Amino acid sequence: MATAPCNPAPRPAAGSSTLSERDFARIAGIISEHTGIKLPATKHLMLEGRLRRRAGLAGFATIDDYCAYLFEEGGLKEEFQHVVDVSTTNKTDFFREASHFDFLAERIVPALLAQGAANRTIKLWSAASSTGAEAYTIAMVMAELARSNTGLRYAILGTDISTAVLESARRAIYPRPMFDPVPPALQRRYVMFDNGVGESGRARIVPELRRKCGFQQLNLMDKSYPVDRDVDVIFIRNVLIYFEPAVQNAVVTRLWGHLRPGGHLILGHSESMIGTRMGLPQAASGVFRKDPN
Ligand SMILES: C[S@@+](CC[C@H](N)C(=O)[O-])C[C@H]1O[C@@H](n2cnc3c(N)ncnc32)[C@H](O)[C@@H]1O
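Residues numbered from 1 in each chain as written. Predicted model: local features only at pLDDT ≥ 70, side-chain atom pairs only at ≥ 80, totals over all residues. Heavy atoms only, no water.

(A) Here's a closer look at the site of the ligand. Contacts to the ligand come from 21 residues, most closely from T35, T92, R96, D160 and N238. A distance of 2.9 Å is found between an oxygen atom of the ligand and a side-chain nitrogen or oxygen belonging to N90. With respect to the ligand, the backbone of R237 contributes an N or O atom lying 2.9 Å from a nitrogen atom. About the coverage of the ligand: the protein hides 99% of its 600 Å² of free accessible area. (Near = heavy atom within 4 Å. Polar contact = N/O pair within 3.5 Å; in protein donor to acceptor, adjacent residues only side chain to side chain. Areas by Shrake-Rupley, 256 points an atom, 1.4 Å probe, with all protein chains shown as cover.)

(B) Quick look at the pattern of salt bridges. Scanning the model with the defined rule gives 13 salt bridges in all. Two residues, D228 and K123, come together in a salt bridge whose shortest N-O distance is 2.8 Å. Taken together, the residues D228 in the loop between strand 6 (213-217) and strand 7 (231-236) and K123 in strand 1 (residues 121-126) connect sequence positions 105 residues apart. The partly exposed category is assigned to D228, whose relative accessible area is 44%. R260 is the partner of D232 in a salt bridge, and the nearest nitrogen-oxygen pair spans 3.3 Å. Here the residue D232 occupies a position in strand 7, and R260 occupies one in strand 8 (residues 259-267), the gap between them amounting to 28 residues. With a relative accessible area of 2%, D232 lands in the buried category. (Salt bridge = Lys/Arg side-chain N within 4 Å of Asp/Glu carboxyl O. Helix = DSSP H or I, 4+ residues; strand = E, 2+ residues; numbered from the N terminus. Buried < 20%, exposed > 50% of the residue type's maximum accessible area, 1.4 Å probe, protein only.)

(C) Structural detail: the domain arrangement of the protein chain. Taken domain by domain, the protein chain consists of domain 1 (21-87) and domain 2 (99-289). On a C-alpha basis, the centroid separation for the pair domain 1 and domain 2 is 30 Å. On the domain 2 side, the residues contacting the 10 residues of domain 1 number 11 residues. For the pair domain 1 and domain 2, the summed buried area comes to about 850 Å², and 53% of that belongs to carbon and sulfur atoms. The three residues of domain 1 that bury the most area against domain 2 are K38, Q81 and D85, which together make up 47% of that side's buried surface. At the boundary of domain 1 and domain 2, one finds 0 salt bridges. Counting across the domain 1 and domain 2 interface gives 7 residue pairs in polar contact (both at pLDDT 80 or more). Counting residues per element, the side of domain 1 that touches domain 2 draws most heavily on helix 1 (residues 21-35), which supplies 4 residues. In terms of residue class, the side of domain 1 that touches domain 2 is made up of 2 nonpolar, 5 polar and 3 charged. (Domains from an automatic or database assignment. Contact = heavy atoms within 4.5 Å. Buried area = accessible area lost by both parts, 1.4 Å probe. Nonpolar A, V, L, I, M, F, W, Y, C, P; charged D, E, K, R; others polar.)

(D) Molecular detail of the packing of helix 3 (residues 63-71) against helix 4 (residues 76-87). Contact geometry of helix 3 with helix 4 gives a least axis separation of 8 Å together with a crossing angle of 120°. When the interaxial angle is binned, helix 3 and helix 4 end up oblique. Touching Y66, Y69, L70 and F71 of helix 3 are L76, E78, E79 and V83, all from helix 4. Of the residues contributing to the contact of helix 3 with helix 4, the split by class is 6 nonpolar, no polar and 2 charged. (Axes fitted to C-alpha atoms, helices over the stretch in contact; angles between N-to-C directions. Parallel < 35°, antiparallel > 145°, perpendicular 65-115°, else oblique.)

What follows is the structure, given as structure tokens:
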């Protein structure tokens with residue numbers, strides 16, 4: 001009698017679970033048109049891994065089956081947001097490119113207060129917020145300033161195209177190591193390490209800061225944005241690099257239109273040259289200031 005092998009080889013799936021060149025090109029085209037994000041051939045493996053995970057969650061045995069559902073069986077409409085979510089790169093950190101937060105605390109807010117901003121709400125916008133670390137870093141900086149400036153009022157808007165990251169941003173629960181760049185005194189005041197989460201290895205932003213931050217979906221490719229046009233500071237960092245130069249210019253021009261006179265637009269360090277190329281008045285590395293008049 002034949003004996004069964006100890007480690008039988010996994011049965012090959014009926015279809016392939018690799019992403020074909022054709023399907024990669026189809027998805028890259030759709031993503032580029034909708035989000036502005038370029039997906040060069042070097043992103044093929046990354047997209048394949050993420051799509052495999054999504055295909056499994058959606059109940060498909062292989063990527064081929066999933067792509068057949070998307071493109072031949074009319075499933076793209078239903079799966080569209082998931083395809084967008086898996087195509088975005090959401091890396092973010094607290095106090096990322098920290099000099100921008102020093103500039104906010106030491107230059108921008110003191111100048112606003114000197115101009116009488118204590119009588120109104122200072123508006124700040126994290127325009128590609130990912131899971132919210134940028135918005136909550138801004139909130140920590142503003143909360144610290146409010147300790148010595150009674151009456152300082154502020155509101156922070158976080159927007160992103162990915163609904164998955166916006167959900168995380170609203171929950172405001174992060175792996176503990178993500179808080180390493182947060183100075184200890186701020187960790188003590190603004191992060192709940194031991195309660196309110198119920199998951200080991202994770203910690204949550206305090207409710208006082210969560211209340212200061214609102215998150216909503218916004219596609220930077222849209223021709224207009226449903227956001228106030230008197231924003232004091234807009235952070236648009238580490239997203240423009242994924243766009244073609246013409247799209248970068250169009251997005252920056254639209255955001256500029258949402259700044260109040262004298263407002264600041266803050267680009268990621270590796271994106272600073274976009275502002276320079278567009279001839280925007282520069283106040284510091286990556287920081288551009290709209291004419292106050
Ligand atoms: C690498 S993260 C940057 C997060 C944060 N600004 C930072 O610097 O840490 C880029 C974010 O941009 C978002 N994004 C990409 N294309 C977008 C678009 N067309 N509209 C809005 N957000 C977009 C992605 O979903 C992602 O969360």
